[in-house]
Amino acid sequence: MWLQRSFSLRARARGFHLVTAEVLEQLPELGECRIGLLHLWLQHTSASLTINENADGAVRRDFERFFNQLVPQGQAGYEHDYEGPDDLPAHFKSSLLGCSLSLPVQAGRLALGTWQGIYLGEHRDQGGARRLIATLQGE
C-alpha cells in the first residue's frame, strides 16, 4: 500500500501543541496497514514537528519556555526581519527541531510509546494553518 495525502492542521498560537489525534483523523487508511511507515512532512520554515510527552501539558509549556530562552526574539544584529521580530527566531527553532517525522506502523496503529505524541511546534506568534504531506507505505 502506498498513500500520499496533503492536509492542513488548524491555526494555533505560538507554542507546542499535541496534534496526534488531528493527524490520525486525516489518515483512516492507517487502520488497514499491518506493518509500515508513516512519513510526515511539514511544508513550512517557521514551525516544526517532534515526538515527546503526550500526557502532561506542562512539558509543552516548558518546551516553549526553553526554546524562547535558547532563541530569544529581538536580538540585535540579524538581517532577516521582513515579517516581524518572531520570524527569524521561528526559522532557527524550526531548523533545530526539524520539519519531518518517520513513524513505524504496527497492526493498524502508530507504534508510539505509551507517553509519546506528535507535537507541532508553532514558532510564530500567529502562524496560521500548517500544511502537511503524509506518506504511508506498508502492507
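Refer to the structure printed above.
Source: prediction; values computed, not measured.

A. Expanded view of the sheet that holds strand β2 (residues 13–18). A sheet is described by the order of its strands in space; here three strands give the open sequence β2-β7-β4, paired in antiparallel fashion. Whereas interior strands pair on both sides, the edge strands pair on one side only; in this sheet they are β2 and β4 (47–53). The average angle at which neighbouring strand axes cross in this sheet is 20°, direction not considered. Its contacts with the sheet place helix α2 (residues 57–70) against β2, β4 and β7 (116–126), and it is angled at close to 135° to β2. Its contacts with the sheet put helix α3 (residues 87–97) on β2, β4 and β7, and the angle it makes with β7 is roughly 160°.

B. Seen up close, the environment of Gly113. Structurally, Gly113 is set in the loop between β6 (109–110) and β7. For the pair Gly113 and Glu53, spaced 60 residues apart in sequence, the C-alpha separation works out to 9.5 Å.

C. Inspection of the sheet that holds strand β8 (residues 130–138) at higher detail. Strand order across the open sheet formed by five strands is β1-β8-β3-β5-β6, with antiparallel pairing between neighbours. Either end of the sheet is taken by a strand with one partner, and the two such strands are β1 (2–9) and β6. Where strand β5 (residues 100–106) meets β6, two bridges bridge the pair, whose relative direction is antiparallel. Each bridged residue has a counterpart across the sheet, and for Gln106 the counterpart in β6 is Arg109.

D. Representation of the packing of aromatic side chains in the model. The final tally for this structure, using the stated rule, is seven aromatic pairs. Ring centres of Phe16 and Phe67 lie 5.7 Å apart, and the angle between their planes is 40°; on these two criteria the pair is classed as tilted. With Phe16 in strand β2 and Phe67 in helix α2, this pair connects stretches of sequence that are 51 residues apart. The class for Phe16 is buried, based on a relative accessible area of 5%. Each ring, one from Phe66 and one from Phe67, has its centre 5.1 Å from the other, and the planes form 90°; the classification is edge-to-face. Residue Phe66 is classed as partly exposed on the basis of its relative accessible area of 45%.

Analysis parameters
Residues numbered from 1 in each chain as written. Predicted model: local features only at pLDDT ≥ 70, side-chain atom pairs only at ≥ 80, totals over all residues. Heavy atoms only, no water. Pairing = 2+ DSSP bridges. Helix = DSSP H or I, 4+ residues; strand = E, 2+ residues; numbered from the N terminus. Axes fitted to C-alpha atoms, helices over the stretch in contact; angles between N-to-C directions. Contact = heavy atoms within 4.5 Å. Phe/Tyr/Trp six-rings, centres within 6.5 Å; stacked < 30°, edge-to-face > 60°. Buried < 20%, exposed > 50% of the residue type's maximum accessible area, 1.4 Å probe, protein only.

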